[in-house]
Amino acid sequence: MSLNYAFSFSVFLLVLVVLNIYFFYTLNTINKKSPKFNVPKLRVDLTTNVFQDIYEYLNYLPNQYKNKNSKFMPIQKKLINSFNTSRVTNPAHAQHTWVEVDNWVSNISLFPHEDGIGGKMLHALQSTPIALVDNAPKGTQLKLLLLLEGNQKLYFKPKRYNLEHVINGKIYAGFDRHNSEVFAYYLAMVLNFKWIPPSVIRKVHLDNDILPVATSGLRKTMLKNSKGTLCIYGKCFYCKINETVCPDDNGEVEGAAILYLDKQLKVYKSPWRRSYNAKKMEWEIDRDYCVKIKGSLSTRHLLNLIEVSLFDFLIQNGDRHRYEVYKEQIILLDNGKGLGNPLVDELDILAPLYQCCMLPTSTWQHLEILSGGNLSDTIKLLSKFQGIKLATEEHFKAIERRLLKIYATVQYCIGRYGSSKVFRSGF
């Protein structure tokens, strides 16, 4: 009897210990998961488990990724000093600015951006008088080619939507958003991705700034609407005579002024491009797709593609079907398909990251210090110097939410392969 009693008592103690551990774990983990991070309905069968794993890591992200990191403050101050245009008072100085830009040679950035030159460039793009305007026929969207006084060229991508307009449907739906081009420039600066042409919001008066210097080719793509207002439909792959851009009540057309990149660029098809129809691409159905890509691209090139996917995911640009390379570095051109719907996060834009699970160590270290609002706050501060509002608060909230998902995706990769396999130094 004593042995049976001792065995029963031992079992009772064991059950009691197990129950205590269970309740302790439950009480300490309840409410740690955020309901807003529940896994959404997934349309891609292949990645369902990957997405679920990423959202699981998202639910348990350490607080360090949700709080502001003070290590970013010196970098933010440096950016502010460079883009504060209060020191630029004379538009005549623009010519000297373009000389600085033209003579810029660097292996770490496409254009100069320190010592106040960033603000000077944007000020010149925004205010230098226009000498000539023509259609810019290359591409799928309406844009103009402007020649400024002093012979500096820029693209002008006109406004199609108000900031509050939400683009529904496919990730690549709708016209390009002019504010997305400018937002992308500031975002790249904050991310330390220095391979992007400067861009700023500019307003041009159709009668005073455009018509007097318009080419005959541009004039042929102008017509009057039912109100008698002269509008532009332009010349491009998808330009239509019934899809015009018209001036506002002040006679002005707002748009993104993007510095023209007069460089010899190599053009490649993206390995993660979309089909733009019901057909699924190889990267959507092959679990080992990145193994094939690793065999065809250098490590540096692949890491660069992964960095671009982070950038595109933050603004939700799912339309990078091709990309341009200069000096073995991908250039961030054509960013107008971003900022479509602030309530949607298409996680498959991060496919290069979660399929290859590689990232430069320096890029990850920089991403970590952008936490807790540093990213969006800095974009707001920089754009304020130009007197512009680039996005709604919903879009800024979305940027921070997506940054958390990038953190979670990297944690997913670390959990799967270990830090030594994920992070790559020397790139």
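The model shown is predicted, which means the values in this text are computed figures rather than measured ones.

Asker: What exactly am I supposed to notice about the packing of aromatic side chains here?
Answerer: The description of an aromatic ring pair rests on the distance of the ring centres and on the angle between the ring planes. Under the defined criterion, the tally for this structure stands at 15 aromatic pairs. Residues Y65 and Y407 carry aromatic rings whose centres are separated by 4.6 Å and whose planes lie at 35 degrees to one another, so their mutual orientation is tilted. Remark: Y407 occurs in helix α15 (residues 393–417) and Y65 occurs in the loop between α2 (48–59) and α3 (73–83); sequence separation between them is 342 residues. Seen in terms of ring centroids, W364 and F423 are 5.7 Å apart; in terms of plane orientation they differ by 20 degrees. Their pairing is stacked. Separated by 59 residues along the polypeptide, W364 in helix α13 (residues 361–368) and F423 in strand β12 (residues 423–424) bring together distant segments of the chain. On the basis of relative accessibility, which here comes to 16%, the residue F423 falls in the buried class. The positively charged end of R160 is found above the aromatic ring belonging to F175, 4.1 Å away from the centroid. Lying across the ring of F396, K380 places its NZ or CZ 4.8 Å from the centre.

Asker: For this particular structure, what's the right way to read the nonpolar core?
Answerer: One recurring pattern in soluble globular proteins: nonpolar side chains tend to sit buried together. Within the largest apolar cluster, 116 residues are counted, with the highest numbers of intra-cluster contacts made by F183, F311, L367 and L375. Here F311 is in contact with A184, L187, A188, L191, F193, I196, R320, L332 and N335, once residues within four sequence places are set aside.

Asker: How should I be thinking about the packing of helix α6 (residues 178–191) against helix α14 (residues 374–384) in this particular structure?
Answerer: To describe two helices that pack against each other, one gives the angle between their axes and the distance between the axes. Their axes nearest at 9 Å, the elements α6 and α14 cross at an angle of 120 degrees. One way to sum up the angle between α6 and α14 is to call them oblique. Judged by the twist between their axes, the crossing of α6 over α14 is right-handed. Between α6, through F183, Y186, L187, V190 and L191, and α14, the contact on the second element is made entirely by L375, T378, I379, L382 and S383. Each residue belonging to the contact of α6 with α14 can be placed in one class, and the counts come to eight nonpolar, two polar and no charged.

Asker: What should I look at first to understand the pattern of salt bridges in this one?
Answerer: If the charged atoms of two oppositely charged side chains come close together, the side chains can form a pair. Overall, the coordinates contain 16 salt bridges when judged by the stated rule. Residues K266 and E328 are paired through a salt bridge, measuring 3.5 Å at the closest nitrogen-oxygen approach. Highlighted residues: K266 in strand β8 (residues 266–269) and E328 in the loop between β9 (322–326) and β10 (329–331), separated in sequence by 62 residues. Via salt bridges that share partners, K157, D176, E181 and K337 belong to a single interconnected network.

Quick notes on the rules
Within each chain, residue numbers correspond to sequence positions counted from 1 in written order. Two thresholds apply to this predicted model, a pLDDT of at least 70 for residue-level local features and 80 or more for giving and counting side-chain atom pairs, whereas whole-chain, interface and lining totals are computed over all residues. Calculated side-chain values reflect all of the structure's heavy atoms, with hydrogen atoms and water omitted. Between 30 and 60 degrees the pair is tilted, below 30 it is stacked and above 60 it is edge-to-face, where a pair is any two Phe, Tyr or Trp rings, Trp via its six-membered ring, whose centres lie within 6.5 Å. Helix and strand definitions here come from DSSP, where helices need a minimum of 4 consecutive H or I residues and strands a minimum of 2 consecutive E residues; each element is numbered from the N-terminal end. Here's how the labels work: a residue is buried when its accessible area is under 20% of the maximum for its type, exposed when over 50%, partly exposed in between, all with a 1.4 Å probe on protein chains only. Whether a charge sits over a ring depends on NZ of Lys or CZ of Arg being within 6 Å of the ring centre and within 35 degrees of the ring normal. Take the buried residues of types Ala, Val, Leu, Ile, Met, Phe, Trp, Tyr and Cys, join any two whose side-chain atoms come within 4.5 Å, and each joined set is a nonpolar core. Any two residues having at least one pair of non-hydrogen atoms within 4.5 Å are treated as being in contact. Angles here are taken between N-to-C directions and fall from 0 to 180 degrees, while the axes themselves are lines fitted to C-alpha atoms, restricted in helices to the stretch in contact. Throughout this description, any angle smaller than 35 degrees is read as roughly parallel, any larger than 145 degrees as roughly antiparallel, any in the 65 to 115 degree range as roughly perpendicular, and the remainder as oblique. Here a crossing is taken to be left-handed if its near helix is turned anticlockwise relative to the far helix by less than a right angle, and right-handed if that turn runs clockwise. Residues were grouped as follows: Ala, Val, Leu, Ile, Met, Phe, Trp, Tyr, Cys and Pro as nonpolar; Asp, Glu, Lys and Arg as charged; and all remaining residues, including Gly, as polar. We define a salt bridge as a side-chain nitrogen of Lys or Arg found within 4 Å of a carboxyl oxygen belonging to Asp or Glu.

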